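Report on the structure
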Amino acid sequence: MGLCLFPGDGDLTSPDISWSYSGFSAFRRRLAQAEGFTLPDMWGFGGDRQWSEITSTLEPLLDHPDDDGELSAADCARVLPRLAEIITEWETVEGDPTVSRHIEDARQLVIVLNICVDSNVELLFG
């Protein structure tokens, strides 16, 4: 069992991205690391550090339930530029299959986020 992030456009042929729960957790931990903080230290992830203590344009994606809810098209647009920068940073890491997997996941997520922005629809978590 896992989760799927997909555009709320009602089009069943729209691209989506799926993860296992552990895979999505690892992906978000690596994104948080790229932003300079440790996700397990954050409120809602086992820690007591408040989200108001950090500044990250990825917050809508990181501070979100795994498999319920949505991100607005505006939040998708906010996340996209930083996600693209992180992909470029990760591409400099060689020989780590986990990083390679996260790069591919991030690229697919960029495709899905762009659809949400272009169609002005929310990103659904399910």
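In what follows, the accompanying structure is described. Note that this is a predicted model, so its numbers are computed, not measured.

Here the focus is the overall build of the protein. When helices and strands are counted, the protein shows 4 helices and 4 strands. Each helix and strand of the protein, placed in order from N terminus to C terminus, yields the pattern β-β-α-α-β-α-α-β. Taking the principal axes of the C-alpha coordinates as reference, the protein spans close to 35 × 35 × 30 Å. Among the 126 residues that make up the protein, the fraction classed as buried is 38%. Across the protein, every contact between residues at least 6 apart in sequence was considered, and the portion connecting residues at least 24 apart equals 57%. Accessible surface computed for the protein: about 6600 Å², of which carbon and sulfur atoms make up 49%. Side-chain charges of the protein comprise 8 positive and 23 negative groups, with the mean position of each set lying 6 Å from the other.

Taking 1.5 Å of rise per residue, the 14 residues of helix α1 (residues 21-34) would be expected to cover 20 Å, and the 20 Å separating its terminal C-alpha atoms lies within 8% of that figure. Turning to α1, its buried residues number three or more, namely F24, F27, R28, L31 and A32. Projected down its long axis, α1 carries its buried residues within an arc of 135 degrees, all on one side. Residues of α1 that are exposed and point over 90 degrees away from its buried face: S22 and Q33. Positive backbone phi, at 95 degrees, marks G36, one or two positions downstream of α1.

Moving on: the sheet that holds strand β2 (residues 17-20). Strand order in the open sheet formed by 4 strands is β2-β1-β4-β3, and the pairing between neighbours is antiparallel. The open sheet terminates on both sides in strands that have one partner only, identified here as β2 and β3 (70-71). By the bridge criterion, 3 bridges tie strand β1 (residues 2-7) to strand β4 (residues 123-125) in an arrangement that is antiparallel. Note on β4: the bridge partner recorded for F6 is L124.

Moving on to the packing of α1 against helix α3 (residues 73-90). Put simply, α1 and α3 touch, their axes get as near as 11 Å, and they point 90 degrees apart. One way to sum up the angle between α1 and α3 is to call them roughly perpendicular. Along its contact with α1, which presents F27, R30, L31 and A34, the element α3 presents R82, L83, I86, E89 and W90. Looking at side-chain class alone, the contact of α1 with α3 contains 6 nonpolar, no polar and 3 charged residues.

Here is what the cut-offs are and how they apply
Residues numbered from 1 in each chain as written. Predicted model: local features only at pLDDT ≥ 70, side-chain atom pairs only at ≥ 80, totals over all residues. Heavy atoms only, no water. Helix = DSSP H or I, 4+ residues; strand = E, 2+ residues; numbered from the N terminus. Buried < 20%, exposed > 50% of the residue type's maximum accessible area, 1.4 Å probe, protein only. Contact = heavy atoms within 4.5 Å. Areas by Shrake-Rupley, 256 points an atom, 1.4 Å probe, with all protein chains shown as cover. Lys, Arg positive; Asp, Glu negative; His and termini not counted. Charge placed at Lys NZ, Arg CZ, Asp CG, Glu CD. Expected span 1.5 Å × (residues − 1). Arc of directions from axis to C-beta. Pairing = 2+ DSSP bridges. Axes fitted to C-alpha atoms, helices over the stretch in contact; angles between N-to-C directions. Parallel < 35°, antiparallel > 145°, perpendicular 65-115°, else oblique. Nonpolar A, V, L, I, M, F, W, Y, C, P; charged D, E, K, R; others polar.

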